[in-house]
Each structure stands twice: as C-alpha cells, then as structure tokens.
Amino acid sequence: MYKAFLIKYAEIAIKGKNRYIFEDALVQQIKYQLKNVEGDFRVVKEMGRIFVYPQGEYDYEEAVEAMKRVFGIYGICPAVVLEDQGFEQLSKDVADYVKRVYGEKALTFKVNTRRNKKSYPMQSMEVSSELGGVILEACPNMKVDVHHPQVTVNVEIRNKIYLYSENIPGPGGMPLGTNGSAMLLLSGGIDSPVAGYMIAKRGVTIDAVYFHAPPYTSERAKQKVVDLAKLVSRYAGPIRLHIVNFTDIQLYIYDKCPHEELTIIMRRYMMKIAEAFARQDNCMALVTGESIGQVASQTIHSLAATNEVCTMPVFRPLIGFDKQEIVDVALKIQTYETSILPYEDCCTIFVAKHPVTKPNIQVIRKSEERLQEKIEDMLKEAVETAETVICEAQ
Amino acid sequence: MEAYLDNSATTRCYEEVKDIVVRTMMEDYGNPSAMHLKGVQAENYVKEAAKEIAKTLKVQEKDIYFTSGGTESDNWALIGAALANQRKGKHVITTVYEHAAVSAPAAWLEEQGFEVTRLPVDEKGSLSLNELQEAVREDTILVSAMYVNNELGAVLPIEEMGRLIKEKNPETLFHVDAIQAYGKYRIFPKKMKIDLLSASSHKIHGPKGAGFLYVGDKVKIQPLILGGGQQKGMRSGTDNVPGIAGMGAAARIIYERLEENTAHMQELKEYFAGELYKLEEVEINGPDPSAGAPHILNVSFLGVRSEVLLHALEEKGIYVSAGSACSSHKRTGSASMRAIGLSPQRKESAIRFSFSEFTSKEELDYTLEVLRELLPLLRRYARK
C-alpha cells in the first residue's frame, strides 16, 4: 500500500548554502543502505524533501530497517501516493486509509494539510477541516484533538497527493561522509564499537585499528574484532580495519619498564601507531571508547598521560557515560552480544595487579627512555606489517 | 609441519568412512523409512552399521540405537532411565568428574526431585570401589560413570564396578559413558554388567553428528525424542544414514587392529611423557603415563598459561586442548581438574595432548622441539 517514504531530516534543514552537500550525502547513504533490500528503490530530492519510491514489489520491513540505519534521518514516513482526481475521491481515499491503518481504534487525531500546489482549488485549512469530518464519519471511534492528537494525518498536495500519518524515528545525526574521517581504536570490548557508532553518527566515516598479540590473544579474539567492525559498518559504512601485531612491542615494554606502568606506556604507543594509520588514511582525529574512571588506564590522570603523545584531536564520545548507558547503546546497535564473548584482549594479558592510577608524566617519560634503542623501529615495523581488512556488512 | 594432537576433541575420518558417507549422500540417499527400493537400500546401510557395532560389543544389533552423538546418548541414558524407573527409587549415582553431557542431565534430574550422589576420585583420578559399594542403596536406580575421563585419561574399573553394583542391588542400572573408550578398549556390556553404553562416531574416525546408545535387553528406558516412531519408537527422526553408515564403517575398522593401534599410542604416550619429564617444571596430571588411557596425556607446564601455550603451539601448526579454557576474568577450571584437586598453578597451565593411530613419533618430536624453544620464552613473560 505504501508507494513512497517521505524522509524527514531536521539538522540538515538549518544548514545554509552547504545544504545540498548534506542532502546529496543523505540520498547516497539511503541508496547504499537499500542496496541489499529486496526490491528496487528510487531515491530523489524533491522540493526540500527526500522521497524514497519503491519500484514495484519490495520488502517493507527490511526497507524500513535499512533506512533506520541511515544517519541524518530523523523520521521515516510511509506514505500513500494518490493522483489528484478531485476532492470527492480524496475524501474516499483518506477514509479508506484511516480505516485500514487504525481500524476500530479509539484515537484522537487531527488533519494537517500542506498545499505546495497552489493551484489546488481548496485552501489548506479547508481541506483539513473537510477531511476531519470525513474521518469522523468513517471511523466513529476517532475523536478530533487539534492540540495533542495521537494521530496526525498529513496530506501534502503536490503534483500528486501524499498521505501519511506514521513517523518512524530514524537514528538522527548527520549523513556519513559529510564530516571527514577518523581512526577508531577498536578492541573487542563493549565500549569502542559504541564510540565508533557515535562518531559515525555525526557524519564521520570510520577506519579502525586493532592490536593483536599472538599467542597471548587468540585467532578468535581477532575474528571477534572483525565481526564487531562489520556490525558497526552496518551504520558506519565500510570500515578499513588495520590489524597490528603488537606482541613484540608489548614484550619489549615488559622487559624494560616498571610493571605497574606497563598499561599506560603500552597505550601511549597504541595511540602513536593509531595516529600513523590515521595519517595514512587521511583521518583527522582518533576515536576511543574511554570513559573517565572506568578502569585504571582511564582515570583522568591516565587519560592525560595517553593523550599527551597525540598530535591529533582524540574524540572520546563516551567520556561522560556510565557503563550501563554504554551497554544500552551497544544493545541498541547489536554489538553487545559479540562484545561479551570471553576472549582475552591485549590490554589485560600482562596487566599488573596494581597498575598506576595516577601516572606522573615525567616518570612515564623517564621509563620510556629505556625503550629508546629499538622502539622507533618497532613502531615502524608494526605499522608496515599490519594486515588490513575491509569490514563491510553483508 | 603439522601435528594434530587433539584427537580426544575429534578425529580425522578414515578414507573408507568418507567414501561410504559420500555414497549415502549422493547415490543411496533414500529415506530408510520409505517403502520403495531407494528406501530399502538406505535401510541396509543402517542395518549393516548396527550389525558391525553390535559385533564389536558382542551384543545383539537390535539393542543398538542411533543418536545424534555422545551428548544425546548420555542425556537419553540418564533422563530416559531415571524417568522410566522412578517408581523403584529416585537415587542416581555418578562421579565428580563426568563430562557435562552426563553431569548436566544429572543436575537436571536433581532439580526434578531425584537424589544424586557424586563419587569422589583421588589425585590420580581413580575411584574407590568401597565408596561405590557403600553408595549403592535399595532405591538406587542408576549408576552412570565414564570409562575414560576425557581430560585426564583416567580409566575406571568398569568390570569391577558392574559386578559390585549388581551384587549390592541387581535392579540398579549401570550406564557407561564410553565416548573416550569405545575404539580404544574391547568393551563387552554383557560380561561387564553394563546396561546402557554411550559412544560417539567422530571420536573413532567417523563423521560428526552420529552416535549410539546400547540399551540392554530388558532395560527400561523412556524415549526422549518423539515423532515418527523410527527405531521402534525409541528414537524418532529420520535416520542420519551418512552418519550411521560412516560410524558403522569406522567401528569395524578401528576394532580390526585395536591392540596394535592402542599399543602404538601407549608407546608414543610413554615416550612423549618421558621426554617431557626431562624439561623443567613439567607435571603430569591424572594417572601415571604407564597407566591411564593410551591416547590421553594431561600435562602442566608451570608458569605458562594454557591458553597462551595453546595459541603459541597453534602458530607452529600444533593443535592441542587447554586443560581449562577460561578468560582472565574467570579461572574456575574444569570439573576434572577440580575433582583431582590440582593446585591453581597446575590448573592454569594444563594442556591435554591426545593421540590417535595416525599420530607419529615425528609429530611428537617436532612438538618437543617446539616446546623446548617456546617454554623459556613464554615463562619469561609471566603475568606478575
């Protein structure tokens, strides 16, 4: 029955002269997401709106699910498209529509008319009030409430007439590709996929880096990270994942530095490596899943100590989130189940019983001096020998 | 070089098994329950498999029931026998170190109001026959015990156990989980007073997804899978002909040269253990290498976490099992490890090597060479 989807976008609408860039990106992203949905779709910009027109048979549920993953969409309105065959026919069609969608339900409603086609013989207000009467007659259980209606029946009169009353919320945010790209430090945990999702939601495309430490971390741990990247890519588009073999660096630090500083020093080098990949991939920022105080390496002191080695901005979208809030998003984007699989990641394998929680940057730098002999070469090698996998949702 | 030393997890199929599996999938693929010729041809494979298996056990082929594998056989034996005999009593005996396929249904029975006694084992994994004798009561309807412990290779004295149980209470049923023993020992249920016996196909070079339960002549057991009434209504569902036929062939082949093959494995195991003892800080868990099942050796490499060693060996093409697969957050270890009271250090570092007739001395020498190289390196980087 639905021959079109009217796509609502809020934030883009207030952009000035660049508005077309955002709209075009949104059209692109909708097309991309609908690529794997059964059916053909035409996605067009029309007078300040984006419409998705299914061509013939299509899978409604799948199409809606796909569009719900497009950043920038605030609402998806399944619409009935009618030819203008006079007001009498319209009245009949509107009555049919309301009966079909709401049946015998007792709901309050109002009719909201927009008349883009100014040649239409009736005015918007007039159309609304007439159609209100038609609906009341057809559905005796419905009541009018113009202030807080449960249902708003929208009638848009253009060359054709669009009828819609449902607004399925989209994810919000900005269309992908409109805000550059960033490099995500992806572990196998709950937080980093959520962080990637949140940055992508602002229109940023994501690449990622994962630190693999065989034999201390397993092939399954690596596969889990690839799987997580694929899950995030359902929203964020294809993700280029760099898998770095970090074992030698870790063992070198273990050999040379105080044990309780291991995690901090290790994280500082991870940042450096991530930044090298970021430069390679033309990313302008790093993204981590850190949240203040969650673990020893995420105290404000530790964050300052790891941040210190970066020259690029480091985005930490979860910084003020509690664990449960992060879990809630992970559940929503369906990364949670994969994240909780119990494979060890490289951050925990050598973790000290009592790692420093308030690292002193001077002391850390001093410890790092012991690595001078080999570390630069090792970092270079780690970057050069990394394996790159393109992770894309199937 | 590759060394597959995880044969207690699963084994490679015999060539002949592969052929019969392919044949029953591509040519004789009928449904054994079908009335036409194609069905009859398929049924013949199932009958043939039952005959071959029955022969190895010296039982009647009508007492062999095909299942989806060891886990189903064990579940069926425990739950089916307990439910069918609960009017005689509600007491079940098992051991502390059973495989989950037995311990989980035993725990389920407990929830349903049965009483379960779990017999302890000593540090070698041996069971006290006195304790067994004392545990059997008038209301004991079932004793379930594994022939060979899957993690340690400990072997239970099944024949003596059967005798003791029946002496104390002739009504008590005796179930043997022979999943690690079938194809390694000659097992004769009649002589050993075994009423129910579980086995799995893929542990004996057969395909996965098949197993059997031997159910003795007058043994009362309730079917758990209901449906079209296949296998005399005892286990419904279309017969898994490729699995069953493959298992039948595997059973025949493995018993053809049983003594020769187990002697080969025993010799390898003792050689391997002897070489391991020459390394530092190595402990053998469970029975002495001279005793125990011929194909299982459980070893702790102190100071090296089993998961790490497993992955380090994997990089060299050597495949083993970790005694206790666990993440850094949870270190409970396995039931068998706890049962024999291993220290945390030994539990954390336990590796199971398991052999088959295909295992060669070259593979073991290669493994030893790799271990000699890896262990000092891995020990240097211990978690502090």
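What counts and how
Residues numbered from 1 in each chain as written. Chains lettered and ligands numbered in written order. Predicted model: local features only at pLDDT ≥ 70, side-chain atom pairs only at ≥ 80, totals over all residues. Axes fitted to C-alpha atoms, helices over the stretch in contact; angles between N-to-C directions. Helix = DSSP H or I, 4+ residues; strand = E, 2+ residues; numbered from the N terminus. Parallel < 35°, antiparallel > 145°, perpendicular 65-115°, else oblique. Left-handed = near helix turned anticlockwise from the far one by under 90°. Contact = placed C-beta atoms within 7 Å. Nonpolar A, V, L, I, M, F, W, Y, C, P; charged D, E, K, R; others polar. Domains from an automatic or database assignment. Core = buried A, V, L, I, M, F, W, Y, C linked by C-beta atoms within 7 Å. Buried ≥ 20, exposed ≤ 12 C-beta atoms within 10 Å, placed from the backbone.

1. A word on the packing of helix H9 (residues 258-277) of chain B against helix H13 (residues 361-380) of chain B
Residue and element names in this part refer to chain B. As a packed pair, H9 and H13 sit with axes 11 Å apart at the nearest point and diverge in direction by 15°. When the axes of H9 and H13 are compared, the pair comes out roughly parallel. Crossing geometry of H9 relative to H13 is assigned as right-handed. Within the contact between the two elements, H9 uses Leu 268, Tyr 271, Phe 272 and Glu 275 and H13 uses Lys 361, Leu 364 and Leu 368. Per-class residue counts for the contact of H9 with H13 are five nonpolar, no polar and two charged.

2. Points about the environment of Glu275(A)
One can find Glu275(A) in helix H8 (residues 262-280). Between the C-alpha atoms of Glu275(A) and Met67(A), which are 208 residues apart in sequence, the distance is 33 Å.

3. Quick notes on the domain arrangement of chain B
Residue and element names in this part refer to chain B. The assigned domain composition of chain B is domain 1 (3-11 + 258-382) and domain 2 (15-256). Placing a centre on the C-alpha atoms of domain 1 and another on those of domain 2 gives a separation of 28 Å. At the junction of the two partners, domain 1 supplies 23 residues and domain 2 supplies 25 residues. Broken down by secondary-structure element, the contributors of at least two residues to the side of domain 1 that touches domain 2 are H9, strand S10 (296-301) and helix H11 (335-339). Residue composition of the side of domain 1 that touches domain 2, grouped by class: nine nonpolar, 13 polar and one charged.

4. Observations concerning the nonpolar core
Within the largest apolar cluster, 212 residues are counted, with the highest numbers of intra-cluster contacts made by Met183(A), Ala208(A), Val209(A) and Ala274(A). When residues of this core are assigned to their parent elements, the largest contribution, twelve residues, is made by H8(A). For this core, the two domains that each supply at least three residues are domain 1 (3-11 + 258-382) and domain 2 (15-256) of chain B. If sequence neighbours within four positions are ignored, Val209(A) has contacts with Met183(A), Leu185(A), Leu186(A), His242(A), Val244(A), Ile273(A), Ala274(A) and Phe277(A).

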